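Architecture at a glance
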Amino acid sequence: EAKDLQDAFVRAHGTIEALNKEALVGEVKRIHRTTDDGRAKWEHWCQLLRSGNRDPIHHSAESLRNFAQVYKQNGGYEEEVERMCHDNRILRLRGVPFNAAVSDVLEFLADYNVQVQDVTFMMKDDGVKASG
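Residues numbered from 1 in each chain as written. Predicted model: local features only at pLDDT ≥ 70, side-chain atom pairs only at ≥ 80, totals over all residues. Heavy atoms only, no water.

Bringing unusual backbone geometry into the picture now. Here N74, not a glycine, exhibits a phi torsion of approximately 70 degrees, which is positive. Here N74 is to be found in the loop between α4 (61-72) and α5 (77-85). Owing to a relative accessible area of 60%, N74 belongs among the exposed residues under this scheme. Even without being glycine, N113 reaches a positive phi, approximately 55 degrees. The topology assignment puts N113 in the segment after α6 (102-108). (Helix = DSSP H or I, 4+ residues; strand = E, 2+ residues; numbered from the N terminus. Buried < 20%, exposed > 50% of the residue type's maximum accessible area, 1.4 Å probe, protein only.)

Set out below in structure tokens:
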């Protein structure tokens, strides 16, 4: 019965993870709008992450959650980004054909032990794969 209730909830509202991310996006946007230094601190956070995007919707729930926590604690942005990114590696590929699939990226990077879960394509707000 609990599983049925959970399934009904997911059908009506989306996944718990999606709802959590939506709430975090809302929190970051609220910080932007209601505090004097919120926007500047978010932009600094994005610059430290070298994400290339300041729109909260394009950040992971972990990044949003960590920003909100550090903001509430009034600092420590550099240390938190260092902690988050310490063991992570990011490689941005430019000029990837628009019709390229994850399998194409895996084949191209076969010598580097890249796994399916390691590949992410940037998407526009309308869900279409970003070019380049």
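Relative to the assigned elements, N66 resides in helix α4. Residue N66 is classed as buried on the basis of its relative accessible area, which comes to 6%. Those residues in contact with N66 that lie beyond four places of it in its chain are W45, E80, R83 and M84. (Contact = heavy atoms within 4.5 Å.)

Inspection of the entire model under this criterion finds 3 salt bridges. With a closest N to O distance of 3.7 Å, K72 and E27 form a salt bridge. Separated by 45 residues along the polypeptide, K72 in helix α4 and E27 in helix α2 (residues 16-34) bring together distant segments of the chain. On the accessibility criterion, E27 (18% relative accessible area) is buried. Across the pair D37 and K41 runs a salt bridge whose closest N-O atoms are separated by 2.9 Å. Here the salt bridges do not stand alone but share partners, grouping E27, R30 and K72 into one network. (Salt bridge = Lys/Arg side-chain N within 4 Å of Asp/Glu carboxyl O.)

What follows deals with the packing of aromatic side chains. To describe a pair of aromatic rings, one takes the distance between the centres and the angle between the planes. The tally for this structure, following the rule as stated, stands at 5 aromatic pairs. A centroid spacing of 6.2 Å and a plane angle of 75 degrees characterise the contact between W45 and Y77, whose relative ring orientation is edge-to-face. With a gap of 32 residues between them, W45 in helix α3 (residues 38-49) and Y77 in helix α5 connect regions that are remote in the sequence. Classification of Y77 as buried rests on a relative accessible area of 6%. (Phe/Tyr/Trp six-rings, centres within 6.5 Å; stacked < 30°, edge-to-face > 60°.)

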